[in-house]
Amino acid sequence: MRKLVERIGLRALRLLDPETAHGVALKALNMGLAGGSGPVTSARLRVGLAGIDLPNPIGVAAGFDKNASAVDAVLKTGFGFCEIGAVTPRPQPGNARPRLFRLAADRAAINRFGFNNQGMDQVLANLSSHRRNGIVGVNLGANKDTPDKAEDFIAVLRTFHTAVDFATVNVSSPNTERLRDLQVRAALEDLLNRVLEARSALPTHVPIFLKIAPDLSDADLTDIAEISLAQGVDAIIATNTTVAREELKSPLAKEAGGLSGAPLFQKSTAILAALFGKTRGRIPLIGVGGIASAEDAYAKIRAGASAVQLYTAMVYDGIGLGAEIARGLDDLMMRDGVSNIIDIVGADAGN
């Protein structure tokens, strides 16, 4: 019955423009319309990630709940963790609308939001009022007009360090000018050094994750792996959206912004596997990009991910997809005689 209600709801939401539909979906979650009693879990699904105990490895990617307005409701639907943001120090309206596009023929989306959010003080207040249980991280963002992006990342980290389980340094959004330049070796070394130094001065230890783009060369990945290992990054999220446009069917394919969803799966999984090889499994990886089924999540894990995150697939399959994938993943491991996720992380990375 719940799946039928969700399908009807999805059809109704598709009558609205994508950004309005997203806002309505968050309100519906807060009204309890999605139901749920918490994360799906089992002995096979439980996994440790950078010192964090996850009930299952299926998470909600940053961007879904930018302002932490529905965290508890999201986690009740079955996900193992949720990442809010990106959050910037000052409120930011982002780019002009329209800035979110459904590519239904490709099961994809393009966004050019530009880190729109309510600012760190308001988002922290929202999180405090909407979070009761579960694992939550914050995606650190920088205001568009800030020349020193590291200072903004540090400001958000200091604001949230007692309220979250991890913080992600986001140098991979294509919608903030020059942000991806921070993935270049010298810039990334300086940025991570400053953020990790600021973290060390805080009374609470917060694992620091790094989120990277899919549009990187092998040399770029080598640099990122070496820097992350040397500086003690706690995990790497691979990947953000892509600026590439390859073999898309939708007439909206030429819209500017970052492409997410099914077309990103192969590229992001290849990046993930390459990164697993370069880090030799010494840094946990989180796989993102095009996941829409338990089989997709299984492939990401076997490519090197200790956990995965979803977003775009929920546009087409609903919020219940997280629980569906977690249960399906459990079934796949049981079928294959796998006692825990950790036993298959990176199993296919060298293939």
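Fair warning: this is a prediction, and the values are worked out from it, not measured in the lab.

About the criteria used
Residues numbered from 1 in each chain as written. Predicted model: local features only at pLDDT ≥ 70, side-chain atom pairs only at ≥ 80, totals over all residues. Heavy atoms only, no water. Helix = DSSP H or I, 4+ residues; strand = E, 2+ residues; numbered from the N terminus. Rg over C-alpha atoms; globule rule 2.2 N^0.38 Å. Areas by Shrake-Rupley, 256 points an atom, 1.4 Å probe, with all protein chains shown as cover. Lys, Arg positive; Asp, Glu negative; His and termini not counted. Charge placed at Lys NZ, Arg CZ, Asp CG, Glu CD. Axes fitted to C-alpha atoms, helices over the stretch in contact; angles between N-to-C directions. Parallel < 35°, antiparallel > 145°, perpendicular 65-115°, else oblique. Left-handed = near helix turned anticlockwise from the far one by under 90°. Contact = heavy atoms within 4.5 Å. Nonpolar A, V, L, I, M, F, W, Y, C, P; charged D, E, K, R; others polar.

1. Overview of the overall build of the protein chain
Regarding its fold elements, the protein chain presents eleven helices and 13 strands. Relative to a compact globule of 351 residues, whose C-alpha radius of gyration would be 20 Å, the protein chain shows 19 Å and is just as compact. Judged by the C-alpha coordinates and their principal axes, the protein chain covers about 55 × 50 × 45 Å. Accessible surface for the protein chain amounts to roughly 14,300 Å². Of this, 53% is attributable to carbon and sulfur atoms. Charged side chains in the protein chain number 38 positive and 37 negative. The centres of these two groups are separated by 5 Å.

2. Points about unusual backbone geometry
In this structure, the amide linkage connecting Gly85 to the following residue, Ala86, adopts the cis form with an omega of 15°. Counting through the fold element by element, Ala86 comes out in strand S4 (residues 81-87). In the segment running from Ala238 into Thr239, the intervening peptide bond is cis, with an omega of 15°. In this fold, Thr239 is placed in the loop between strand S10 (235-238) and strand S11 (258-261). Of note in the backbone geometry, Ala50 takes a positive phi value of approximately 55° without being a glycine. Tracing the sequence through the fold places Ala50 in the loop between strand S1 (47-49) and strand S2 (52-54). Unlike most non-glycine residues, Arg107 shows phi in positive territory, near 50°.

3. Focus on the packing of helix H5 (residues 149-160) against helix H6 (residues 185-200)
At a minimum axis separation of 10 Å, H5 and H6 run at an interaxial angle of 25°. If you check the angle between H5 and H6, you find them roughly parallel. For the pair H5 and H6, the sense of crossing is right-handed. Where H5 abuts H6, its residues Ala150, Glu151, Phe153, Ile154, Leu157 and Arg158 lie against Leu191, Arg194, Val195, Ala198 and Arg199. Looking at the contact of H5 with H6 residue by residue, the classes come out as seven nonpolar, no polar and four charged.

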